[in-house]
Amino acid sequence: MRRRIGILTGGGDCPGLNAAIRAVVKHATISHGFEVVGICDAFKGLYECDTMPLPVRAVRGLLDRGGTILGSSNRANPFAYPIVDANNEETVVDVSEKCAENYRDLGIEGLIVVGGDGTQAIAHQMMALGVEVVGIPKTIDNDLEATEYTIGYQTAVNIAVDAIDRLHSTAESHDRIMICEVMGRYAGWIAMNAGMSAGAEAILIPEVDYDVEKVIATLRRRHKSDTSFSIVVVAEGAKPRGGEFSTRQQADATQQARLGGAGDHLARLIEAQTPFDVRTTVLGHVQRGGTPSAFDRLLATRFGVAAVELLAAGQYGRVAAYRGGEIVDVAMEQAVAKLKRVRPDGPLVTAAQALGIELGF
Ligand code: F6P
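Owing to the predicted nature of the structure, the values given are computational and were not obtained by experimental measurement.

The strands making up a sheet are joined through hydrogen bonds of the backbone, oriented either antiparallel or parallel. Taken together, the four strands give an open sheet; going across it, the order is E9-E10-E8-E13, and neighbouring strands pair in parallel fashion. With partners counted over all chains shown, the strands left at the sheet margins are strand E9 (202–204) and strand E13 (277–282), one partner each. Each neighbouring strand pair of the sheet contributes to a mean axis angle of 20°, computed without reference to strand direction. In the packing of helix H5 (residues 153–174) onto the sheet, contacts are made with strand E8 (176–182), strand E10 (230–235) and E13, and the angle to E8 comes to roughly 165°. The strands that helix H8 (residues 262–273) touches are E8, E9, E10 and E13; relative to E8, the one it contacts most, it runs at about 155°.

Here's what the structure looks like:
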């Protein structure tokens, strides 16, 4: 009988997930003779036994396709699962045992979990219930300590750079301060890399609370010279000294807080103290959509191959990682132990400071 393995994509989607699915299916089927089952909508599909067969023909043409053909969810934690009744009342229950039972009933020996820190942490917990998992790291936030790059991050930076380049010309035409709010949750990787690549005058990141007086002083200086416009890149998780995170929705038992509004908040602070004309652009989910970059396609493909190899060798509880150009694997508990964040004393910040970019600290 052919060995059957499963794959799911969890958390927020990103470009490159389909490339990873494709690589897993091709390598598992062609090299190992495994049968691959797709679990739909992350762990929700495992709870509801919602699956799809994944023969090689199902993954043709997927390399450049954004999103995930399996669907995803960031509210499907089997240990804190939201169930909505007929009256639209939501209760949070533990369905992890049921998920483990379904895993066994589906005849799966090994599940590849493509996800960020939250999804990998759930996968690690599921191992205690007998679910044999191997992880592939993805998130546009690039905040997993285990790996230098996660699937989707590089594409998100490219999208942000393209958008900021476009803001430049309109900022210049109207002598405006253009604030661009980018995603990244509590890590400033997208903000730093996109801001530096697109020549922003100021970049504000979650790792350090910014001093708004410093930011305003820099903008005033610049506007007194021969330049009358500025580009400010703000991470959604950035906040002023003594201030709060800008959130659209608070965290609850089933999901993290939804960040958003940091750009508008900064705009109000600048407008309150200066005569400048300020506009805010929130890039939002545009950063997660569309075609993956060549780097992300290749990264996803290499991760997919590595994950299948780990499963074939019975090396469960490992996550594929990218280090120094090589694909390695690390223990899942290590991969989710700590968030990787921009170091305020690190080389990226030092380079930004060398260019005179205002970081607000
Ligand atoms: O983790 C990826 C991410 O895009 C974050 O950058 C952002 O804060 C969050 O997901 C948005 O989540 P949602 O898709 O639930 O709005």
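Moving on, there is more to tell.
The biggest cluster of nonpolar side chains holds 84 residues, and the ones touching the most others in it are Ile7, Ile112, Ile179, Val232, Leu266 and Ile270. Ranked by the residues each element gives to this core, the list is headed by H5, at nine residues. With residues up to four places along the chain from it excluded, the contact list for isoleucine 112 reads Ile5, Gly6, Ile7, Leu8, Val24, Val134, Ile136, Ala307, Val308 and Leu311. If you look at the next biggest cluster of nonpolar residues, it comprises 25 residues, including Phe43, Cys99, Ile108 and Met126.

Below, the discussion takes up the pattern of salt bridges. Side chains carrying opposite charge are able to pair once their charged atoms draw close together. One pass over the full model with this rule turns up 15 salt bridges. Salt bridges sharing partners connect three or more residues here, namely Arg176, Asp277 and Arg279.

The volume enclosed by the largest pocket comes to roughly 990 Å³. Gly12, Asn74, Arg185, Gln256 and Arg288 are, among the 42 residues lining the largest pocket, the residues nearest its centre. The set of elements that each furnish at least two residues to the lining of the largest pocket consists of helix H4 (117–127), E8, strand E11 (247–249) and strand E12 (258–259). Broken down by class, the residue content of the lining of the largest pocket amounts to 13 nonpolar, 17 polar and 12 charged. For the lining of the largest pocket, the domains that each give at least three residues are domain 1 (4–151 + 292–335) and domain 2 (155–288). Taken together, Glu145, Trp189, Lys338, Leu339, Lys340, Arg341, Val342, Arg343, Gly346, Pro347 and Leu348 form the lining of the second largest pocket. For the lining of the second largest pocket, the per-class residue count stands at five nonpolar, one polar and five charged.

Moving on, we get to the sheet that holds strand E14 (residues 318–323). One open sheet accounts for seven strands, arranged E3-E2-E1-E6-E7-E14-E15; its pairing is mixed. The sheet is open, and its two edges are formed by strand E3 (51–53) and strand E15 (326–331), each paired on a single side. Between one strand axis and the next, the sheet turns through 30° on average, direction left out of account. Pairing between strand E1 (residues 4–9) and strand E2 (residues 35–39): four bridges, direction parallel. Looking at E2, one finds that isoleucine 5 is bridged to valine 36. Across the sheet, H4 is in contact with E1, strand E6 (111–115), strand E7 (133–137) and E14; its angle to E6 comes to roughly 155°. Contacts between helix H9 (residues 294–312) and the sheet are confined to E1, E6, E7, E14 and E15, with E14 contributing the most and set at about 140° to the helix.

Here H9 contains 19 residues, and its C-alpha end-to-end distance of 27 Å stays within 8% of the 27 Å for a straight helix at 1.5 Å per residue. Turning to H9, its buried residues are Asp296, Leu299, Ala300, Phe303, Gly304, Ala306, Ala307, Val308, Leu310 and Leu311. Just beyond H9, the residue with positive phi is glycine 314, at close to 70°.

Turning to the packing of H5 against helix H6 (residues 189–197), a few remarks are in order. Axis separation between H5 and H6 bottoms out at 9 Å; the angle between their running directions is 45°. Judged by the inter-axis angle, H5 sits oblique to H6. Every pair of crossing elements has a handedness; the one defined by H5 and H6 is right-handed. Residues Tyr153, Ala156, Val157, Ala160, Val161 and Ile164 of H5 form the contact with H6, whose participating residues are Trp189, Ile190, Asn193, Ala194 and Ser197. Broken down by class, the residue content of the contact of H5 with H6 amounts to nine nonpolar, two polar and no charged.

Calculation rules
- Residues numbered from 1 in each chain as written.
- Predicted model: local features only at pLDDT ≥ 70, side-chain atom pairs only at ≥ 80, totals over all residues.
- Heavy atoms only, no water.
- Pairing = 2+ DSSP bridges.
- Helix = DSSP H or I, 4+ residues; strand = E, 2+ residues; numbered from the N terminus.
- Axes fitted to C-alpha atoms, helices over the stretch in contact; angles between N-to-C directions.
- Contact = heavy atoms within 4.5 Å.
- Core = buried A, V, L, I, M, F, W, Y, C linked by side-chain atoms within 4.5 Å.
- Buried < 20%, exposed > 50% of the residue type's maximum accessible area, 1.4 Å probe, protein only.
- Salt bridge = Lys/Arg side-chain N within 4 Å of Asp/Glu carboxyl O.
- 1 Å grid on protein atoms, 1.4 Å probe; cavity = no way out; pocket = protein on both sides within 12 Å on 5 of 7 lines; lining within 4 Å.
- Points joined across faces, edges and corners; volume = space filled by probe spheres on them.
- Nonpolar A, V, L, I, M, F, W, Y, C, P; charged D, E, K, R; others polar.
- Domains from an automatic or database assignment.
- Expected span 1.5 Å × (residues − 1).
- Parallel < 35°, antiparallel > 145°, perpendicular 65-115°, else oblique.
- Left-handed = near helix turned anticlockwise from the far one by under 90°.

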